[in-house]
Amino acid sequence: MNVLNNPDPLFARDFFAEIFGEAPDLERIRRATCIALTEGGSDSLVAVGCLEEGPCAGMGYVWLFAVAENYRGRGLGALLLDEIVSHARKTGLSVIELKTYQKWYSMRDMLLKHGWVLVRAEPSKREDGVGEIWQLPLLSRPLRVAVIGCNPEGRGGEWAKTILDLPEWWNLAAVVDPSPEVRQFWASQGLQVFESLDDIPALLEIGAAVVAVPPRFALQIQKQAIDRGWAMLVEKPLAASMGEIIELQDMLRGGRARLVAGVQRRSHPSYVALKALLADCEIRNLTVRISLGRPEDSGLAGHRGDPSQCRGGALLDMGYHALDLAHFLIGKPVELVSCSLRNREDLAADADSAADLLCRSGTAWLRILVDRHSIKTEQVAVQTADGVFIADRSGVASQEHGTLYTCPPAWHSAEKARLSALVAACLCPASAEGNLWEHLALFETVERAYGIASQLGAVGGAQS
Amino acid sequence: MNNWESSLAAFRLMEVGSAAQALANASEPTLREVITLRCGQRIESSLPVVQGWQQYFQANYSAAVTHFSEQPGEGWLRAWADLGIAKVASDCGFWRSALEWCALAWQRAAAGEHMDLLAEISGARGEILLRSGKPSEAASSFAEDLALLRPGSRYSGRVRCYLAHAWSRMGNHAGRAARLFYQLAAHTASEPGTRSYSAAGLAVHGVRIREPFLVAEAEESAPSGMPGFWVRVCKAKLETSTLLRKKSLEEAMEILPPEYHAEHWWARGWLSGSVPDSKFLEPLHIHPLPPANLGVTTLVEMPVSPDAISDAPWWDKSKWPTDAEGWWKLRDNFMP
């Protein structure tokens, strides 16, 4: 088997046309770097991949990739992928990305084995199944990152642990937390700790930050990070109010800041598969239920239990994910109809420990339920004219047909996928969030729910 | 390309957009959509504006606005992208901004006399105005939309229905026109969904102007599902006999399966007297699409009744706070 760089574009086009049943754009093939495996002469192509420039310098996109049908199952795909990756390294690319589809099972397995990360999924034509976007960072040296708000028991701690698991991409250069106990914990792990952002010396050359602070402080911290020119991964909710989201939107305008939002369920393959299945269905009822994973008798640890830091609770926390997911699945504006927020007396006055929202979109009803069951769980149930679908992070099933989609294991570390997206945002500002419209729509519902609960005296209604 | 040709091109590209939307939604494209895409050479689908609409129909508003903003030029494609941003702003509750984007889209589309696009913009503006509590202005916009539509357009029934909503909400002086247009749409619209919602609209209008025969006329067309529910609720509203009122309400509740618990909760409340007459509903969002109409087992336990019912638009808008100019629920103006 020989490796051939840039085979005749006409041969390459015919090769892909035979496999995909549709000829790709010849000019685009000419512009791309094609790498082929051949057997015999240069016209007998058995596997071809085309690498083209991504949205910015340093980023590449594997546009076409295929192995001839008679040659599959011999490891040629892996060989070709290796060739493409080494070519990308030689040409100085830092991230390469490709899109594959649910139906190409062998491709998914191969990408997993070679360290690629599934970063998001997209609906596609039904016969192709879910479209999956995979990335492979190819850094010559890891990027330096700070985690701001890093309680080992909280989300910041989760991010820090994932970062430490990715030494090829990230160097956890600083941990910032006002709590002496938290700082002591991370210092004992050999990390540099700081009480505030102002204490971080410029010499540390930090390029990115993971922000996992209570919502009340999120905007202020993000402003500081933007001033320093850092790319940011911000844990949801991105801010404490609609007004702050608008302010943040203003800061992002014109590419002045690079932001990756820590709200990823709408990119989750299971839910994208569910959306694809719902495309032809009349949705009647859609219920998203998320449990925080904190037993009733445990109290609220961290900022949720501290009245001086808290604004909102379950709804602004996991409810944010649930609402975003419902909005994504329904694909239309969602209106709040009723809300019920509950609290326990020993918690902060403005923190709800459970939320129950009823919304409607057109003729479909949506139910958002957030509670504190002891195990952290989530589930989506959709009633349609074509039956009932149930989805969670493992896949999608229907009552009538059993399992319809199984999520590839790659996604089971959603943090890893988001951190890969942060790598891309560091190297390619165009791949970061350009605006925050989804969050505006979400915050509108959240704020109205808090407002109604507050006005009508519902138990635990937070002040908006 | 003269105006007529460019107008045709605009129309064709909009068709490409809706075909691309079907693909983006992962539904099986119809033969017509496939042909449309083929005729469109699939090249247009790479345009930012088409990608923007694809994202909009996925409720990916951020990506949609990004694509819409990237559409270059000043022509009708740019106008179509402006309309897309207006729709996003409207979905997020920024109605003033939405209207400003509509105005910009109109200006650009009008410069090239792109009639189909102008009709679409008028309809979008009408919807925004109707949702934001300006029925009179909405009526003007829908009337404009109707005038701009091509003769025989399949959207005319839908637009008539919207126009009738606007007139109906304006009060008695526009009542006759509302009635006429509801009747017209209920009998002539090409879409069954529009027909039944027009019938429901006629019934609600009958209650508004206290004309029981309009409710009876709506009932004759025997709509099912959600419109049928509201027609029977309207009938109950006008009944003077408590017994007959109860019977009508029970009929209404039978039409909708119990999973529509908010409607059931409300109807039960009204029946028992805990919801006062003064809170008689606006019709549910009169939705141009056919209603979801099947009952399936509820998987997740639903509570008996919500703790607090908001004054959401389908409920009682009179409680909504308004600003000095009488706008409902508006955010501060915000341009993306």
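Residues numbered from 1 in each chain as written. Chains lettered and ligands numbered in written order. Predicted model: local features only at pLDDT ≥ 70, side-chain atom pairs only at ≥ 80, totals over all residues. Heavy atoms only, no water.

Caption draft 1: Quick peek at the overall build of chain B. Looking only at helices and strands, one finds 15 helices and one strand in chain B. The buried share of chain B, taken over its 336 residues, is 56%. Per element, the accessible surface of chain B, about 14300 Å² overall, is 55% carbon and sulfur. (Helix = DSSP H or I, 4+ residues; strand = E, 2+ residues; numbered from the N terminus. Buried < 20%, exposed > 50% of the residue type's maximum accessible area, 1.4 Å probe, protein only. Areas by Shrake-Rupley, 256 points an atom, 1.4 Å probe, with all protein chains shown as cover.)

Caption draft 2: Spotlight on the overall build of chain A. When helices and strands are tallied, chain A shows twelve helices and 21 strands. Counting over 464 residues, chain A shows a buried share of 61%. Of the contacts formed within chain A by residues at least 6 apart in sequence, a portion of 70% connects residues at least 24 apart. A total of about 17900 Å² of accessible surface is found on chain A, and carbon and sulfur atoms cover 48% of it. (Contact = heavy atoms within 4.5 Å.)

Caption draft 3: Spatial organisation of the environment of alanine 32 of chain A. All names here are of chain A. Turning to its location among the elements, alanine 32 is positioned in the loop between helix 2 (26-31) and strand 2 (33-38). In this structure alanine 32 comes out as buried when scored by relative accessible area, which is 5%. Once residues lying within four places of it in the same chain are set aside, the contact partners of alanine 32 are Asn6, Cys50, Leu51 and Glu52.

Caption draft 4: View of the sheet that holds strand 10 (residues 193-194) of chain A. Residues and elements named next belong to chain A. Taken in spatial order, the six strands of this open sheet run 10-9-8-11-12-13, and their pairing is parallel. Taken across any chain shown, the strands that pair with only one partner, and hence form the sheet edges, are strand 10 and strand 13 (258-262). Pairing geometry for strand 11 (residues 208-211) and strand 12 (residues 231-235), over four bridges, is parallel. Each residue of the ladder has a partner; that of valine 211, found in strand 12, is valine 234. Each of strand 8 (143-148), strand 11, strand 12 and strand 13 touches helix 7 (residues 215-227); the most contacted strand, strand 12, lies at about 165° to it. (Pairing = 2+ DSSP bridges. Axes fitted to C-alpha atoms, helices over the stretch in contact; angles between N-to-C directions.)

Caption draft 5: Region of interest: the sheet that holds strand 5 (residues 95-101) of chain A. Residue and element names in this part refer to chain A. Pairing is mixed across the open sheet formed by seven strands, whose spatial order is 1-2-3-4-5-7-6. Of all strands in the sheet, those bounded by a partner on one side alone are strand 1 (2-5) and strand 6 (117-122). Sheet twist, expressed as the average angle between the axes of neighbouring strands with direction ignored, equals 25°. Both strand 5 and strand 7 (residues 131-137) contribute to a ladder of seven bridges, which runs antiparallel. The residue bridging isoleucine 96 from the neighbouring strand is leucine 136, located in strand 7. Its contacts with the sheet place helix 4 (residues 105-113) against strand 4 (59-67), strand 5 and strand 7, and it is angled at close to 155° to strand 5.

Caption draft 6: Spotlight on the packing of helix 7 (residues 115-131) of chain B against helix 8 (residues 135-148) of chain B. Residue and element names in this part refer to chain B. Packing of helix 7 against helix 8 leaves a shortest axis separation of 8 Å and a crossing angle of 160°. Considering their axes alone, helix 7 and helix 8 lie roughly antiparallel with respect to each other. Helix 7 and helix 8 meet at a crossing whose hand is left-handed. Along the contact surface, helix 7 presents Met115, Leu118, Ala119, Ser122, Gly123, Arg125, Gly126, Glu127, Leu129 and Leu130, while helix 8 presents Pro135, Glu137, Ala138, Ser141, Phe142, Glu144, Asp145 and Leu148. (Parallel < 35°, antiparallel > 145°, perpendicular 65-115°, else oblique. Left-handed = near helix turned anticlockwise from the far one by under 90°.)

Caption draft 7: Layout of the side chain of arginine 78 of chain B. Residue and element names in this part refer to chain B. By the secondary structure assignment, arginine 78 is in helix 5 (residues 76-91). On the accessibility criterion, arginine 78 (8% relative accessible area) is buried. If sequence neighbours within four positions are ignored, arginine 78 has contacts with Phe68, Ser69, Gln71, Pro72, Gly73, Ile85, Trp101 and Arg108.

Caption draft 8: Expanded view of the environment of alanine 225 of chain A. Residues and elements named next belong to chain A. The topology assignment puts alanine 225 in helix 7. Accessibility expressed as a relative area gives 0% for alanine 225, which makes it buried. The sequence separation of alanine 225 and valine 211 amounts to 14 residues, and the corresponding C-alpha distance is 9.1 Å. In this structure, alanine 225 is in contact with Leu197, Trp230 and Met232, ignoring residues within four places of it in sequence.

Caption draft 9: Seen up close, the pattern of salt bridges. All names here are of chain A. Taken as a whole and assessed by the stated rule, the structure comprises 24 salt bridges over all chains. A salt bridge links arginine 265 to glutamate 378; the shortest N-O distance between them is 2.7 Å. Taken together, the residues arginine 265 in the loop between strand 13 and helix 9 (269-278) and glutamate 378 in strand 18 (residues 377-384) connect sequence positions 113 residues apart. Across the pair, glutamate 378 and arginine 265 agree in class, each one buried. (Salt bridge = Lys/Arg side-chain N within 4 Å of Asp/Glu carboxyl O.)

Caption draft 10: Main features of helix 9 of chain A. Counting buried positions along helix 9 of chain A gives nine out of ten residues, so the element sits mostly inside the fold. Taken as a whole, helix 9 of chain A has its buried residues at Pro269, Ser270, Tyr271, Val272, Ala273, Leu274, Lys275, Ala276 and Leu278 of chain A.

Caption draft 11: Inspection of the packing of aromatic side chains at higher detail. Tallied over the full model, the rule gives 13 aromatic pairs over all chains. By the ring-pair criterion, three or more aromatic residues cluster together here, those being Trp53, Tyr56, Tyr61, Phe68 and Trp80 of chain B. A cation sits over an aromatic face here: arginine 228 of chain A above tryptophan 230 of chain A, 5.7 Å from the ring centre. The aromatic ring of phenylalanine 328 of chain A is capped on one face by lysine 275 of chain A, whose charged end is 5.0 Å from the ring centroid. (Phe/Tyr/Trp six-rings, centres within 6.5 Å; stacked < 30°, edge-to-face > 60°. Lys NZ or Arg CZ within 6 Å of the ring centre and 35° of its normal.)

Caption draft 12: Local environment of the confidence of the model for chain B. Residue and element names in this part refer to chain B. The predicted model of chain B has a mean per-residue pLDDT of 71, with 64% of residues at 70 or higher. With pLDDT under 50 throughout, residues 1-16 is counted as low confidence; its partners more than four residues away or in other chains account for 34 contacts. Low pLDDT, under 50, characterises residues 281-306; the predicted model gives this stretch 83 contacts beyond four residues in sequence or across chains. In the predicted complex, the global pTM is 0.75; the interface-specific ipTM is 0.73. (pLDDT = per-residue confidence, 0-100.)

Caption draft 13: Geometry of helix 11 (residues 414-427) of chain A. Residue and element names in this part refer to chain A. When the terminal C-alpha atoms of helix 11 are compared, their 20 Å separation across 14 residues agrees well with the 20 Å that a helix rising 1.5 Å per residue should span. Of all 14 residues that make up helix 11, twelve are buried, and the element is covered over most of its length. Of the residues making up helix 11, those classed as buried are Ala414, Glu415, Ala417, Arg418, Leu419, Ser420, Ala421, Leu422, Val423, Ala424, Ala425 and Cys426. (Expected span 1.5 Å × (residues − 1).)

Caption draft 14: Spatial organisation of the packing of helix 9 (residues 156-170) of chain B against helix 10 (residues 175-188) of chain B. Residues and elements named next belong to chain B. Where helix 9 meets helix 10, the closest approach of the two axes is 8 Å, and the angle between their N-to-C directions is 155°. Our classification of the angle between helix 9 and helix 10 gives roughly antiparallel. At the point where helix 9 passes helix 10, the crossing takes the left-handed sense. Here Gly157, Arg160, Cys161, Leu163, Ala164, His165, Trp167 and Ser168 of helix 9 lie close against helix 10, whose contacting residues are Ala177, Ala178, Phe181, Tyr182, Leu184, Ala185 and Thr188.

Caption draft 15: Broad picture of the environment of alanine 424 of chain A. Residues and elements named next belong to chain A. By the element assignment, alanine 424 lies in helix 11. Judged by its relative accessible area of 2%, alanine 424 falls in the buried class. Through-space distance from the C-alpha of alanine 424 to that of methionine 59 is 7.8 Å; in sequence the pair is 365 residues apart. Dropping the residues within four chain positions of it, alanine 424 is found in contact with Met59, Val95, Gln135 and Ser431.

Caption draft 16: Looking closely at the confidence of the model for chain A. Residue and element names in this part refer to chain A. The share of residues in chain A with pLDDT of 70 or more is 88%, and the mean pLDDT across the chain is 82. Of the regions scoring below 50 in pLDDT, residues 295-310 engages in 33 contacts with residues more than four places distant in sequence or in other chains. Below pLDDT 50 for its whole length, residues 457-464 participates in 23 contacts with residues either more than four positions away or in separate chains.

Caption draft 17: Just the pairing of strand 7 of chain A, in detail. Residues and elements named next belong to chain A. Burial analysis of strand 7 places seven of its seven residues in the buried class, the great majority of the element. The alternating pattern of strand 7 places Gly131, Ile133, Gln135 and Pro137 on one face and Glu132, Trp134 and Leu136 on the opposite face, and all of these are buried. Of the pairings in the sheet, the one linking strand 6 to strand 7 comprises five bridges and is antiparallel in character. Its bridge partner being in strand 7, valine 117 is matched across the sheet by glutamine 135.

Caption draft 18: How the structure looks around the pairing of strand 16 (residues 354-361) of chain A. All names here are of chain A. The buried count for strand 16 comes to eight of eight residues, which makes it a mostly enclosed element. Judged by which residues are buried, strand 16 turns out to be covered on both faces: Ala354, Asp356, Leu358 and Arg360 on one side and Ala355, Leu357, Cys359 and Ser361 on the other are all buried. As defined by bridge partners, strand 15 (residues 335-342) adjoins strand 16 across seven bridges and the pair is classed as antiparallel. For serine 338, the partnering residue across the bridge sits in strand 16 and is leucine 358. Joining the antiparallel neighbours strand 16 and strand 17 (residues 364-371) is a turn of two residues, in which glycine 362 adopts a positive phi near 60°.

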